[in-house]
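Examination of the molecular architecture
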Amino acid sequence: MSETIVVATDGSEASDRALDWAAADAVLRRRPLHIVHAVESWPYRAPLFAPPEIVEQTTRAGHAVLVAAVEHVHERWPDLVATTALVTEETSKALREQSENAFELVLGSRGRGGFASLLLGSTSLKMAGRSAAPVVIVRGDAADRGEVVVGIDLLRDVDQVLGYAFDAAAVHGARLRVVHAWQTFATLIEAGYALDAEQIELDLRNQLIAAYRPLRDKFPHVDVVDEVVLEHPVIALTNASRDARLLVVGTHDRWPPPQLGSTTHGVIHHAQCPVAVIPSR
C-alpha cells in the first residue's frame, strides 16, 4: 500500500509515544512509516541575521532526532519500512504538506514547546483541524486493548468517520462501539413541551443503526454495539474513552474546511486514549 503513516517527532516523551503507536499501526496495516522532524525555518531563510553555526547545529540536531527514531523503531519492528524527512518550515505547514498523500498523521499530545500544564500542544490542536489526512493524537492510555469507540453526529455526513472506525476495529480485532449523545433542553420543558425521552432514544437508535448498516456487510467480522446516551457529547465520549484503545471523531464541513466543532475540540482535550480526528472529504 502506497499511502504511508506519517508521524512527527521532536525527541520528546510525548512524541516517542506517538512514534511507538504509529509504528505499531504501520505494522498492523502493512504500510510504510514516514518519520518527520520540523526545525525552525528562519535561520535558513535569513542566514545573514543568524550566527553562522546556528544552521549547522540545527540541522545536526534534527538529523540526530531522526536517526534515534529510526533506530528505536527498528529495534522493536526490524522489518518495518521506515523513511525520514527533515523539513525546514513552520511545523503545522510542514505537517500539512507531509499529510497530503498519507493514510494518517500521528502526533504526540504535546511537544517540547509550550507549558507542561497545557492539556494539548498547539501543533496537535491546529493539525486536528487542518490536516488533509486523519490525525491521531496519542494521549492517555495508548495500550493495545479495549474497544474502538466512534462518536457520531447524526446531523452530519458520517461516512468517512464510520469508515475509519470500522477499519480500525477490523485491523485491531476489537469491538466497535458507535455512540450518539444527545441532551434534552430545559427551555423546551419549561415552555411546556412534553418530551418522550424513550421514543426519542428509539428514533435516534434507528437512525444510528441505519447510518452504519452499509458497513456491516463490508466488515462482517467486526462486533458492533451501539449506544444512545442522554448526556453532553464531550462527557459521554470522554467516559467511553476510559477503557478504549482508540476514540474516533469527525470535523465540521465548513469553509475553509475542515474545522473542529466544540465536541471534537473538547474530546481531544479530555479523552483518556488516543483520538483519531477524521477530516471531511
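Structure: see above.
Residues numbered from 1 in each chain as written. Predicted model: local features only at pLDDT ≥ 70, side-chain atom pairs only at ≥ 80, totals over all residues. Heavy atoms only, no water.

Below, the discussion takes up the overall build of the protein. Check the secondary structure of the protein and you find 10 helices and 10 strands. Relative to its full complement of 281 residues, the protein shows a buried share of 45%. Long-range contacts, defined here as pairs at least 24 residues apart, represent 78% of the contacts in the protein between residues at least 6 apart. Of the accessible surface of the protein, which amounts to about 14,600 Å², a share of 52% is contributed by carbon and sulfur atoms. (Helix = DSSP H or I, 4+ residues; strand = E, 2+ residues; numbered from the N terminus. Buried < 20%, exposed > 50% of the residue type's maximum accessible area, 1.4 Å probe, protein only. Contact = heavy atoms within 4.5 Å. Areas by Shrake-Rupley, 256 points an atom, 1.4 Å probe, with all protein chains shown as cover.)

So, on to the nonpolar core. With 48 residues, the main nonpolar core has Leu33 and Val248 as its most contacted residues. Ranked by residues supplied to this core, first place goes to helix α6 (residues 159-172) with 7 residues. When neighbours within four sequence positions are excluded, valine 248 is seen to be in contact with Val148, Val149, Val150, Gly151, Val161, Tyr164, Ala165, Ala276 and Ile278. Formed by 29 residues, the second largest nonpolar core is a distinct cluster that contains Val6, Ala8, Ala271 and Val277. (Core = buried A, V, L, I, M, F, W, Y, C linked by side-chain atoms within 4.5 Å.)

Ordered by their spatial adjacency, 10 strands build an open sheet running β3-β2-β1-β4-β5-β10-β9-β6-β7-β8, and the pairing between neighbours is mixed. Among the strands making up the open sheet, the edge pair consists of β3 (82-88) and β8 (224-230). Sheet twist, expressed as the mean angle between neighbouring strand axes with direction ignored, is 25°. Bridge count between strand β1 (residues 4-8) and strand β4 (residues 102-108): 4 bridges; the pairing is parallel. Counterpart to threonine 4 in the pairing with β4 is alanine 102. Sheet contacts for helix α4 (residues 91-99): β1, β2 (33-39), β3 and β4; angle to β4, the most-contacted strand, approximately 150°. (Pairing = 2+ DSSP bridges. Axes fitted to C-alpha atoms, helices over the stretch in contact; angles between N-to-C directions.)

With that settled, consider the pairing of strand β9 (residues 244-250). Across the 7 residues of β9, 7 count as buried, placing the element largely inside the fold. In terms of strand pairing, strand β6 (residues 147-151) meets β9 through 4 bridges, oriented parallel. When the sheet's bridge partners are listed, valine 148 is paired in β9 with leucine 246. Of the pairings in the sheet, the one linking β9 to strand β10 (residues 275-278) comprises 4 bridges and is parallel in character. The partner of valine 249 across the bridge, within β10, is valine 277.

Another point: the packing of helix α9 (residues 233-240) against helix α10 (residues 262-270). Here α9 crosses α10 at 35°, and the two axes come no closer than 9 Å. With respect to the hand of their crossing, α9 and α10 are arranged in right-handed fashion. Across from Pro233, Val234, Leu237 and Thr238 in α9, the residues of α10 making contact are Ser262, Thr263, Gly266, Val267 and His270. Taken together, the residues of the contact of α9 with α10 break down into 4 nonpolar, 5 polar and no charged. (Left-handed = near helix turned anticlockwise from the far one by under 90°. Nonpolar A, V, L, I, M, F, W, Y, C, P; charged D, E, K, R; others polar.)

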